[in-house]
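# Structural overview for review
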Amino acid sequence: MKKQRRFGGFFALGAMLLFFYGPILVMMIFSFNDSRSLTSWAGFSTQWYTKLFESRDMMDAVRNSVTIAILATLISTVVGTLTAIGISKHKPLVKKLFLAVNNFPVLNPEIVTAISLMLLFASVQVFEKGYITMLIAHITFCTPYVIMTVLPKLRSLDPSLADAAMDLGATPFKALTKVILPQLTPAIISGALIAFTMSFDDFVISYFVTGNGVSNISILVYTMSKRINPTINALSTIIVVIITIALVLINVVPLFVKKDKRKVVTE
Amino acid sequence: MKKLAVALLALFILVGCGSGSGEAKQELRVFNWGEYIDESLITEFEKEFNVKVIYDKFESNEAMYTKLQDGSKYDILVPSDYMTQRMREEGLLQKVDYSKVPNYENVLPNLKGRHMDPTNEYTVPYFWGNVGILYNKNNVDVADLESQGWNILMNEKYKGKLYFYDSERDAFMIALKAHGYSMNTTDPAELEVAYNWLVDMRKTMDAIYVTDEVIDGMATGVKDMAVMYSGDANYVLSENPDMAFYSPAEGTNTWVDAMVIPANAPNPELAHTWMNYMIDAESSKAITEAIGYTSPIQSVIDDVTGPGGTYEGIASYVTRTGYAKDEEFFYDADMKVILSDYWQRIKATN
């Protein structure tokens, strides 16, 4: 009876893993396909990787996606964290009101945000549509997520921490950077990760606010309506590999670091 | 915190340099279909004329048209014929000075003076082709195709074995041609006949409605028959020797994608240079070899279908001419509304 249940569990786990990773595996295999076809195997070749690095279009799209994601993450994390800290000191009514406003872009369908941003940039015309407008749009939709992740953590902090720090002689700025922010670090990091993913992944909003030949990876793939070519598989494979390495590093490195610390303590 | 600020600044400067270099250069803004050019030509053009090309891509005529509405400016567009006609009629295009496009004289004469541009003032053809049936030689009887034409799509012998193109325009073209009508008809009775034919097909044939997935599906031989653009057929034929292409004698849609200059183009002078460069025999050959659609220049067609050429022995590459019943699609706003309505109803039937 017990064994059977264990087998059932393994089966479910295996099926789930297959479901998650099967498609990715197929894509990785076909990135080494010798023919243009996306579904029939014609032998091993690395031609799509060569084509990927030769393609100006793709490399531009990769550069845009990565730099915009990084910049949007940095800016929205800073803005979002400061806003969260500021809002936590306000009256409950203001707080509630602000949170409702903050939730709006999160709950709003992306397409509505996209159209409204497009109209804004088209009517204001301070910036020509392109890199800058895309960056602004990304910061706009990333910030609420950072606020949403940082606020709960702030609520769990002791409200008198800052006061205690200042009693002990810290300036308000020092109290913020030396006391409050270190306490918030886990929340800030997870906020930043969400922001990065949202920005890297975004298609709808980017599509509407960009122009002048600036496109990111998702727009590039979308416009390949005439032919999808396997360079995309090659690019996706590289992204998957980088993410895998990053995840392994994030999960494994702390284990070693912690061990070292414990050694110091016991010595 | 300080480090973060420095990193941020550094990134800004990096990005700024990347996009801001070469400011003194002239800019050319091109808006073309995705996967519709040999990319090395862009770089070569930039080098040869010491300019910067901003190359943007769209995935449908309608998306391109919408993008222009939000104030985006381009020097070169490559719409399909009916969209070219619409834009010309709405005054969105400017005339081409053909004295600056000497290579235009190489363009096939049957691509000039078409409905999209009857007086040859606005367009320089880029690709052309028609629509036909791609079929598996082993499983489809050519005699059936020749005797039934478009109506083979209603032959229950091939039930469950076909792909149908998911586009109202192409669907009605087929249905109208199957009954011997003009594909640009505005006669409600004829449109209704076509509508009923399409509904019947939807009910009986068990066809799969697809757009660009059809290319891969046919290259791997999933189905036996598919409605297909000749340019896509060229590609499939070069991958899968079991397939063949047939354009029914009842007539079909012959289309032309042409380069045009919008009325508000910032740099029309350079746009002419680009047009001339793209229909140069060498460039046109590079594009057609990379993408698979048919070149508008006879010498290129002869070259790539000749011995040792990329498309040697691929019948669909040479788009047929001289069929009186072949037409091009006209733009008609009222008719489009009727067709869209019909098409939605067809897609809703089970």
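Right above here is the structure, for reference.
What counts, and at which threshold
- Residues numbered from 1 in each chain as written.
- Chains lettered and ligands numbered in written order.
- Predicted model: local features only at pLDDT ≥ 70, side-chain atom pairs only at ≥ 80, totals over all residues.
- Heavy atoms only, no water.
- Helix = DSSP H or I, 4+ residues; strand = E, 2+ residues; numbered from the N terminus.
- Rg over C-alpha atoms; globule rule 2.2 N^0.38 Å.
- Buried < 20%, exposed > 50% of the residue type's maximum accessible area, 1.4 Å probe, protein only.
- Pairing = 2+ DSSP bridges.
- Salt bridge = Lys/Arg side-chain N within 4 Å of Asp/Glu carboxyl O.
- Phe/Tyr/Trp six-rings, centres within 6.5 Å; stacked < 30°, edge-to-face > 60°.
- Patch = residues over 30% accessible without salt bridge, like charges linked within 9 Å, V, L, I, M, F, W, Y side chains within 5 Å.
- Areas by Shrake-Rupley, 256 points an atom, 1.4 Å probe, with all protein chains shown as cover.
- Contact = heavy atoms within 4.5 Å.
- Buried area = accessible area lost by both parts, 1.4 Å probe.
- Polar contact = N/O pair within 3.5 Å; in protein donor to acceptor, adjacent residues only side chain to side chain.
- Nonpolar A, V, L, I, M, F, W, Y, C, P; charged D, E, K, R; others polar.

Time to look at the overall build of chain A. Along its length, chain A carries 11 helices and zero strands. Listed by position from the N terminus, the elements making up chain A come as α-α-α-α-α-α-α-α-α-α-α. Computed over its C-alpha atoms, the radius of gyration of chain A comes to 24 Å, more than 25% above the 18 Å expected for a compact globule of 267 residues. In terms of principal-axis extent, the alpha carbons of chain A reach across some 70 × 65 × 40 Å. Looking at chain A residue by residue over its 267 residues, the buried ones come to 36%.

Our focus in this paragraph is the pairing of strand β6 (residues 162-165) of chain B. Taken residue by residue, a regular strand's side chains alternate between the two faces of the sheet. All names here are of chain B. Judged by which residues are buried, β6 turns out to be covered on both faces: L162 and F164 on one side and Y163 and Y165 on the other are all buried. Summarising the sheet, β6 and strand β7 (residues 208-210) pair through three bridges and their orientation is parallel. In the sheet register, Y163 faces β7, and the bridge partner there is I208.

Residues and elements named next belong to chain B. Evaluated as defined, the whole model comprises 15 salt bridges over all chains. The shortest N-O distance in the salt bridge between K100 and E269 comes to 3.2 Å. Residue K100 is located in the loop between β4 (93-94) and β5 (124-136), and its partner E269 is located in helix α10 (residues 268-278); the two are separated by 169 residues in the primary sequence. Judged by its relative accessible area of 47%, E269 is partly exposed.

Moving on, we get to the packing of aromatic side chains. By convention here, two paired aromatic rings are described through the distance between centres and the angle between planes. All names here are of chain B. Applying the stated criterion across every chain yields a total of 31 aromatic pairs over all chains. Arranged with centres 6.0 Å apart and planes meeting at 85°, the rings of F49 and Y277 form a pair that is edge-to-face. You can see F49 sitting in helix α2 (residues 40-49) and its partner Y277 sitting in helix α10, a full 228 residues away along the chain. Given the relative accessible area of 11%, Y277 is considered buried. For the pair F164 and Y209, a centre-to-centre distance of 5.6 Å together with 65° between the ring planes defines the contact as edge-to-face. One end of the pair, F164, is in strand β6; the other, Y209, is in strand β7, with 45 residues separating them in the sequence. Each member of the pair, F164 together with Y209, is buried.

This paragraph deals with a nonpolar patch on the surface. The grouping of F10(A), L13(A), M16(A), L17(A), F19(A), F20(A) and Y21(A) at the surface amounts to a nonpolar patch, some 800 Å² of accessible area in total. Inspection of the secondary structure assignment puts L13(A) in helix α1 (residues 2-30).

The interface is formed by 36 residues belonging to chain A together with 37 residues belonging to chain B. Summed over both sides, the interface between chain A and chain B buries roughly 3,200 Å², with carbon and sulfur atoms accounting for 53% of that surface. Where chain A touches chain B, the interface holds two salt bridges. The salt bridge involving D57(A) is made with K57(B); its shortest N-O contact spans 2.3 Å. Applying the counting rule to chain A against chain B returns six residue pairs in polar contact (both at pLDDT 80 or more). Broken down by secondary-structure element, the contributors of at least two residues to the side of chain A that touches chain B are α3 (56-88), α5 (110-124), α6 (131-156) and α10 (217-222) of chain A. Examining the composition of the side of chain A that touches chain B, we find that nine residues originate from one element, α3(A), more than from any other. Of the residues contributing to the side of chain A that touches chain B, the split by class is 15 nonpolar, 13 polar and eight charged.

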